[in-house]
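Residue strings, one per chain:
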Amino acid sequence: MGRDVIVALDFPNAENTFNFLSKFENHNQKPFVKIGMELFYAEGQKIVREIKARGHKIFLDLKLHDIPNTVKSAMRSLSKLNVDMLNVHAEGSIEMMKAAVEGLTNDNGERPLLIAVTLLTSISQEVMNNELLISRPLDEVVTAYAQNVFKAGLDGVVCSPLEAGKIHENVNKNFLTVTPGIRFADNDKGDQARVTTPLKAKELGSDFIVVGRPITKAENPVEAYEKCINEFCKG
Ligand code: C5P
């Protein structure tokens, strides 16, 4: 799977989701989409199957984090959905991540991409030090967690495009970086503090960009999607 744009379907229900996807019905490329907790908990496995049947690739962003045996069983259930990418929290330990890989792998030894969240971007240095009682610098923790993800045999991490180069350098150059925090040069940043354009993300070495509101809230979502593809995937 080469460099691609993943559209975050951050919608509360199936109706809003299909209204949005219908805009792409006549498009030559079905966007790779991300289904997160909001939509999955509202609509369940049915919506994943329906979107898959329409020909979209799916990143199922459920961020599993539990004891290894439970994560392994949960991944076994999710593997039946035939999605293209899933994720876990690296904080669950190397053993938990290995269990996730095992649960996801079918009898032929094949599995979808599996990535991990290192530290949530909502965790500040202060919260990490004072609430989680981790006293190391935050970027050291992110790098160490990413190395754990690689050791466990996963394919990559979710990170900022600004961290993609460092992750490739400190972990492995083929380790995937899946990067949210994307805005066009003329966009409102919203609640994202550190943002880059699709073009900048490409220059920084991101493998996949995750784009929500700049596409879903655009006046013309198809045009905004094409702009992302042109900046990030071409050339
Ligand atoms: O609308 P926007 O482009 O900010 O959406 C980005 C998507 O990426 C959302 O689904 C958000 O939950 C997700 N995400 C993020 N930052 C992370 C991890 C995931 O923005 N660190």
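Figured I'd write up the structure that's included with this text.

The rules we used
Residues numbered from 1 in each chain as written. Predicted model: local features only at pLDDT ≥ 70, side-chain atom pairs only at ≥ 80, totals over all residues. Heavy atoms only, no water. Helix = DSSP H or I, 4+ residues; strand = E, 2+ residues; numbered from the N terminus. Buried < 20%, exposed > 50% of the residue type's maximum accessible area, 1.4 Å probe, protein only. Contact = heavy atoms within 4.5 Å. Axes fitted to C-alpha atoms, helices over the stretch in contact; angles between N-to-C directions. Parallel < 35°, antiparallel > 145°, perpendicular 65-115°, else oblique. Left-handed = near helix turned anticlockwise from the far one by under 90°. Nonpolar A, V, L, I, M, F, W, Y, C, P; charged D, E, K, R; others polar. Pairing = 2+ DSSP bridges. Salt bridge = Lys/Arg side-chain N within 4 Å of Asp/Glu carboxyl O. Core = buried A, V, L, I, M, F, W, Y, C linked by side-chain atoms within 4.5 Å. Arc of directions from axis to C-beta. 1 Å grid on protein atoms, 1.4 Å probe; cavity = no way out; pocket = protein on both sides within 12 Å on 5 of 7 lines; lining within 4 Å. Points joined across faces, edges and corners; volume = space filled by probe spheres on them. Near = heavy atom within 4 Å. Polar contact = N/O pair within 3.5 Å; in protein donor to acceptor, adjacent residues only side chain to side chain. Areas by Shrake-Rupley, 256 points an atom, 1.4 Å probe, with all protein chains shown as cover. Sits in = over half its atoms within 2 Å of the grid points.

A few words on the side chain of Thr-17. Among the secondary structure elements, Thr-17 is positioned in helix α1 (residues 14-22). In this structure Thr-17 comes out as buried when scored by relative accessible area, which is 0%. Ignoring anything within four residues of it in the chain, the contact list for Thr-17 reads Leu-9, Phe-11, Leu-39, Ile-47 and Ile-51.

Looking at the element boundaries, Thr-177 is found in strand β7 (residues 176-179). Taking the relative accessible area as the measure of exposure, Thr-177 reaches 0% and is therefore buried. In this structure, the C-alpha to C-alpha distance between Thr-177 and Lys-227, residues 50 residues apart in sequence, is 21 Å. Leave out the neighbours within four places in its chain, and Thr-177 touches Val-157, Cys-159, Ala-164, Ile-167, His-168, Gly-205, Ser-206, Asp-207 and Phe-208.

Moving on, we come to the packing of helix α5 (residues 94-104) against helix α7 (residues 138-151). Where α5 contacts α7, the axes come no closer than 9 Å and their chain directions differ by 40°. Overall, the two elements α5 and α7 adopt an arrangement that is oblique. Crossing angle aside, the handedness with which α5 passes α7 is right-handed. When α5 is examined against α7, the residues Ile-94, Met-97 and Lys-98 are found in contact with a partner set consisting of Asn-148, Val-149 and Lys-151. Across the contact of α5 with α7, the residue classes tally to three nonpolar, one polar and two charged.

What follows concerns the sheet that holds strand β6 (residues 156-158). Within a sheet, neighbouring strands are paired by backbone hydrogen bonds and run either parallel or antiparallel to one another. With parallel pairing, eight strands are arranged side by side around a closed barrel as β1-β2-β3-β4-β5-β6-β7-β8. In this sheet, neighbouring strand axes are inclined to one another by 25° on average, regardless of whether the strands run parallel or antiparallel. Sitting on the sheet, helix α3 (residues 45-53) is in contact with β2 (32-36) and β3 (58-64), with an inclination near 155° to β3.

This structure, assessed with the given rule, holds eight salt bridges. Between Lys-63 and Asp-61 there is a salt bridge, with its nearest N and O atoms 2.9 Å apart. Lys-63 gets classed as partly exposed once you look at its relative accessible area, which sits at 23%. The salt bridge partner of Glu-140 is Arg-136, with a shortest N-O separation of 2.7 Å. Classification of Glu-140 by relative accessible area gives partly exposed; the value is 38%. One connected set of salt bridges, linked through shared partners, spans Lys-34, Asp-61 and Lys-63.

By size, the foremost hydrophobic cluster in this structure holds 61 residues, and its most contacted members are Leu-60, Met-75 and Val-88. It is helix α11 (residues 221-232) that provides the largest number of residues to this core, a total of six residues.

It is worth spelling out unusual backbone geometry at this point. With a phi close to 45°, Lys-63 is a non-glycine residue in the positive phi region. Relative to the helices and strands, Lys-63 resides in strand β3.

Attention shifts here to α3. Among the residues of α3, Ile-47, Val-48 and Ile-51 are the ones counted as buried. Taken end-on, α3 shows its buried residues confined to a sector of 105°, consistent with a single buried face. Away from its buried face by more than 90 degrees, α3 exposes Lys-46 and Ala-53. Buried residues along α3 sit in contact with α1, β2, α2 (37-43) and β3. In the stretch just after α3, Gly-55 is the one whose phi turns positive, near 95°.

Taken as a whole, the largest pocket holds about 1,200 Å³ of empty space. For the largest pocket, the lining is made up of 40 residues, of which Thr-121, Val-158, Pro-180, Gly-181 and Gln-192 are closest to its centre. Elements represented by at least two residues in the lining of the largest pocket include exactly β2, α2, β3, α7, β8 (208-211) and α10 (213-216). Its residues assigned to classes, the lining of the largest pocket comprises 18 nonpolar, 11 polar and 11 charged.

In the vicinity of the ligand, the contacting residues are Ala-8, Asp-10, Lys-34, Thr-121, Pro-180, Arg-183, Gln-192, Val-210, Val-211, Gly-212, Arg-213 and Pro-214. Arg-213 places a side-chain nitrogen or oxygen 2.7 Å from an oxygen atom of the ligand. Its free accessible area being 460 Å², the ligand has 80% of it covered by the protein chains. The cavity that encloses the ligand is the largest pocket. The set of elements that each furnish at least two residues to the shell around the ligand consists of β8 and α10.

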